[in-house]
Each structure stands twice: as structure tokens, then as C-alpha cells.
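# Understanding the architecture of this molecule
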Amino acid sequence: MNATLDSYRKDRFICGANLAKTAGSSLAGHAKSHLDEKQFFRFGRFSRVSRFLEGQPQLEDLPDDLRDEMVFVFGHGVQFSSTLLVPDRLPDLMIAIRHPVSLFRSRFFNHVKRAQKVGKTLSFEEWEGMPDTPNRFCSFVVETFGDLGNESRDVSFDNVTKILKHFRYVFVTEQITDQVRAMWATLGLPEAMPRLRVTPEKLRRETPDLDESSILKRHSIDLEIFELLNTDEWRKDAPSGVVNTVGFEEERLRAAMKSAREAAVSPEQQREQGYRDLVDQIIKDTQLEAALLKFESSDMSHVRDAARVRALLEEASAKIGTGNTGKSLDPLKRAMSKTNAGNFALQSLGQRDVALQYASEAFEVAPGFKPALGLMKRIKKFQTQSNSA
């Protein structure tokens, strides 16, 4: 029993938006390790798709009694409207910022790794030439919680700090191990949080010819916010369960929540938007064929309106077939879609022959496709284990 947690969840819950590469894996890992399955909800791009394929409901489909159990809602997809999906409790908003240069470097290595998975290479010169959202942190704050700021939703220092005044926790990635103790203590969880995916080797990696001045110029407002937050001033409020050097104003948050709930759309409209977000991410993650295969082969009771999701998937499939989505239909993406469907058929449905067919189709599109080679190894292992059973 955790009396501190039981008391906390009566009228509050953590609602955290995760900007990629700002220690989100560590935060989620610690919460998941110490909360039960009903209390932790990963909410975002990848978790929407994985929950669907694994037979788990979307947040919009959860009944009220299960929403009442939730304590920690966190992920790339969290935004202000997400707070309305947990009724009658005040959200303790949470976010983390990272130094712009450090964030740039981490994102580069992450994209290199993702490219390698599909047999591509990504040079630093190519990465530098890719579009880069100016003031990535501030843009993310305005995109996800802009309703708490100015009507113009401008990406400015004044507007972003106005929004951040609604947050109980604004962590700095470089100090997060110390800062986050205040939040875990409020929940009655162990305060020492292990940092996941942080190794000495990663810290020693360097990007070639990194033009730091150019990065800082492109992210000048982010740097200004970072320098405001990256001090020891947070320590004075930490004993009261607040980590926000900008200044947390609870009454401002309560007023915003009251107005939002009065203007909230119906649960049916929330569900429709959730389904559209799900299908959009299925397409982006090249999981369309896997999702359609799930409808053919699995129990769909985890989706309240499965017919609607299927209709949206089939609509998206038809558009892709005619090129009307504007999505790239390059061979590697088509091969990845086939491979993902094969992995789902093998690992979730135990359908070896179906998986083999998808692997063959992937090779037809992109001979020697590295992820499909990995699928073939898994098929061989599956067959060996089946023969010895």
C-alpha cells in the first residue's frame, strides 16, 4: 500500500508532455517500474499504434473507472486537451527542456540509428541540411499547450513563459536526476531515478564540425528559456513539490481547467479525433498492413467502435493506393510496411506462412532489405522452436 499515492490520486494526476530526447525514457521507465498497469498510461505517437496492435484500448476508449485509476499520463502525444480525458482531477503538468546544442547532437545520433535500421546511412552534412524547427522546445510548448498562452499562439519568450506558469514541473534534462526527486516524493515513489539510455560512450560522442553558433541562433528563445531554468533557484520550492523557476501559479491553472471543461467537446468527438490520430500515426509508422491484418485475425473488443477505425484505415489505404495522401511511396517504406506486417503476423499471431509471404514481398520491393533479413531469421527460429516442441 502507498498511502501517499492514494491520497495524491484523489484529486490530482501527473500529465507530462515529452519532447523527444529530453530524458523521457528515464521518466517513463521509473514511473512504469513503480506504478501498476492501470496507474501508468503512455500517450503518444508510438504508444497509440503499439496499444492498438497489442490489443489495448486508446485513452479515449477507456471507461471512467479505469481513467480514475490513472496517476501518470505521459508521452509525445500529450497536450492540453489530454487533461480533459481524466475527469474531475487537477493535472500537475510536467515537461523538460534540454540545452539546444545537446538536443541537436542527441537527435542527430538518434536519426542515424533509425536510418541504419532500414539499411540507410545518414551523414552529418545530410542531417544539417534537413529542415529544423526553430526554437524546438518553445514551438513544442505552443503546439501542445498553446491554449494556455496568448490568442496569437506566437512562439515568443513572453508567451512561452506565460504557458509555463501553468506547469508544476519544468525540468532541465541536465539536472533532472536531482530535480525529479520532488515529483517522485509527492507520489510516494522511490526518489532515485536511474537514467536510461545514457552511457559514457554516448556522452563522449561528438558530431563533426558542429557549428554551435548557428544552432544557438536558430534556437535563441529556447536558449533564453533554458538559461532562465538552468539555475539552482528551483531548490527553494522543491520541498513543497514544485520545480519551476518560471513560477508555478496553481490558481491560473485551475481557472484554465474550469474554462476548458466548460467548452469541452463530447466524448464521441474526443473518440473520433483519437481514432483519426491513431490512423494517421499508423500510416506514418508504416504499420497499415499490420493494422489491417489485425482486423482480419484478432479480437477487436479493445476498440469501442472498431467499424469506424476500420473505415478510416480502408479510406487511408485507398488514398495511398492512388497517391492522394502526399506520403512517399518509395521502395524502402513499402518494404518496411511489408516487414512490419510480417513481424506482427509472426510474433502476435503465430502465423509463420503469412510472415514468410510478407518477407518475400518486402524483398521483391527492395532486394536485400535489412529489416526483412531480420524477419527471416525470426521466422527460421520460430520454425526451429515449433519443430522441437
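Below you will find a few notes about this structure. Since this is a predicted model, take the numbers as computed values, not measurements.

Conventions adopted
- Residues numbered from 1 in each chain as written.
- Predicted model: local features only at pLDDT ≥ 70, side-chain atom pairs only at ≥ 80, totals over all residues.
- Heavy atoms only, no water.
- Helix = DSSP H or I, 4+ residues; strand = E, 2+ residues; numbered from the N terminus.
- Buried < 20%, exposed > 50% of the residue type's maximum accessible area, 1.4 Å probe, protein only.
- Contact = heavy atoms within 4.5 Å.
- Areas by Shrake-Rupley, 256 points an atom, 1.4 Å probe, with all protein chains shown as cover.
- 1 Å grid on protein atoms, 1.4 Å probe; cavity = no way out; pocket = protein on both sides within 12 Å on 5 of 7 lines; lining within 4 Å.
- Points joined across faces, edges and corners; volume = space filled by probe spheres on them.
- Nonpolar A, V, L, I, M, F, W, Y, C, P; charged D, E, K, R; others polar.
- Pairing = 2+ DSSP bridges.
- Phe/Tyr/Trp six-rings, centres within 6.5 Å; stacked < 30°, edge-to-face > 60°.
- Axes fitted to C-alpha atoms, helices over the stretch in contact; angles between N-to-C directions.
- Patch = residues over 30% accessible without salt bridge, like charges linked within 9 Å, V, L, I, M, F, W, Y side chains within 5 Å.
- Salt bridge = Lys/Arg side-chain N within 4 Å of Asp/Glu carboxyl O.
- Lys, Arg positive; Asp, Glu negative; His and termini not counted.
- Charge placed at Lys NZ, Arg CZ, Asp CG, Glu CD.
- Expected span 1.5 Å × (residues − 1).
- Core = buried A, V, L, I, M, F, W, Y, C linked by side-chain atoms within 4.5 Å.
- Parallel < 35°, antiparallel > 145°, perpendicular 65-115°, else oblique.
- Left-handed = near helix turned anticlockwise from the far one by under 90°.

### Comments concerning the overall build of the protein
Along the protein, the regular secondary structure elements total 20 helices and five strands. Among the 389 residues that make up the protein, the fraction classed as buried is 47%. Taking as baseline every contact in the protein between residues at least 6 positions apart, the subset at least 24 positions apart corresponds to 75%. Of the roughly 19,100 Å² of accessible surface on the protein, 49% is carried by carbon and sulfur atoms.

### Quick word on empty space enclosed by the protein
Scanning all chains against the criterion turns up two cavities of 30 Å³ or more. In this structure, the largest cavity occupies an estimated 50 Å³ of space. Taken together, P100, L103, F104, R107, D132, R136, I215, H219 and D222 make up the full set of residues lining the largest cavity. Here the element with the most residues in the lining of the largest cavity is helix α5 (residues 100-117); it accounts for four residues. By residue class, the composition of the lining of the largest cavity is four nonpolar, one polar and four charged. One number sums up the size of the second largest cavity: a volume of about 40 Å³.

### Concerning the pairing of strand β3 (residues 72-75)
With burial as the criterion, each face of β3 is covered, one bearing F72 and F74 and the other bearing V73 and G75. Note: strand β1 (residues 12-17) against β3, four bridges, orientation parallel. Counterpart to C15 in the pairing with β3 is V73. Relative to β3, strand β2 (residues 40-42) is paired through three bridges, and the arrangement is parallel. For R42, the partnering residue across the bridge sits in β3 and is F74.

### Re the packing of aromatic side chains
What the rule picks out here adds up to eight aromatic pairs. Each ring, one from F41 and one from F43, has its centre 6.3 Å from the other, and the planes form 50°; the classification is tilted. Members of the aromatic cluster, connected to one another through ring pairs, are F40, F72, F74 and W184.

### Details of unusual backbone geometry
Phi is positive for K21, which is not a glycine, with a value near 70°. Accessibility expressed as a relative area gives 25% for K21, which makes it partly exposed. Unlike most non-glycine residues, T286 shows phi in positive territory, near 50°. Counting through the fold element by element, T286 comes out in the loop between α15 (267-284) and α16 (288-297). Overall, T286 belongs to the buried group, its relative accessible area being 15%.

### Points about the sheet that holds strand β4 (residues 90-97)
The strands making up a sheet are joined through hydrogen bonds of the backbone, oriented either antiparallel or parallel. Pairing in this open sheet of five strands is parallel, and the strands run β2-β3-β1-β4-β5 from one edge to the other. Two strands close off the open sheet at either side, each with one partner strand: β2 and β5 (169-172). Strand-to-strand twist in this sheet, taken as the mean axis angle between neighbours without regard to direction, amounts to 15°. Strand direction decides the pairing type here: β4 and β5, joined by four bridges, are parallel. Bridging across to β5, I95 finds its partner in V170.

### Regarding a negative patch on the surface
Among the surface-exposed residues, D64, D65, D68 and D88 lie close enough to one another that they form a single negatively charged patch. Residue D64 is classed as exposed on the basis of its relative accessible area of 51%.

### Quick look at helix α14 (residues 250-262)
Between its first and last C-alpha, α14 extends 19 Å over 13 residues, near the 18 Å set by a 1.5 Å rise per residue. Structurally, α14 contributes buried residues whose contacts are with β4.

### Here we look at the nonpolar core
Judged by nonpolar contacts, the single largest core of 44 residues is most densely connected at V73, I95, F137, F145, L164, F167 and I225. Those elements giving two or more residues to this core turn out to be β1, β4, α7 (136-145), α8 (157-164), β5, α13 (220-229) and α14. For this core, the leading source of residues is α7, giving six residues. Apart from the residues lying within four places of it in its own chain, the contact partners of I225 are I97, F137, C138, F157, V160, T161 and L164. Listed in part, the 29 residues of the second largest apolar core include F52, V279, L293 and A341.

### With respect to the packing of α8 against α13
Where α8 meets α13, the closest approach of the two axes is 10 Å, and the angle between their N-to-C directions is 45°. The pairing of α8 with α13 is recorded here as oblique in orientation. Both α8 and α13 take part in a crossing whose hand is right-handed. Between α8 and α13, the contacting residues are F157, V160, T161 and L164 on the first element and I221, E224, I225 and L228 on the second. Residues of the contact of α8 with α13, tallied by class, amount to six nonpolar, one polar and one charged.

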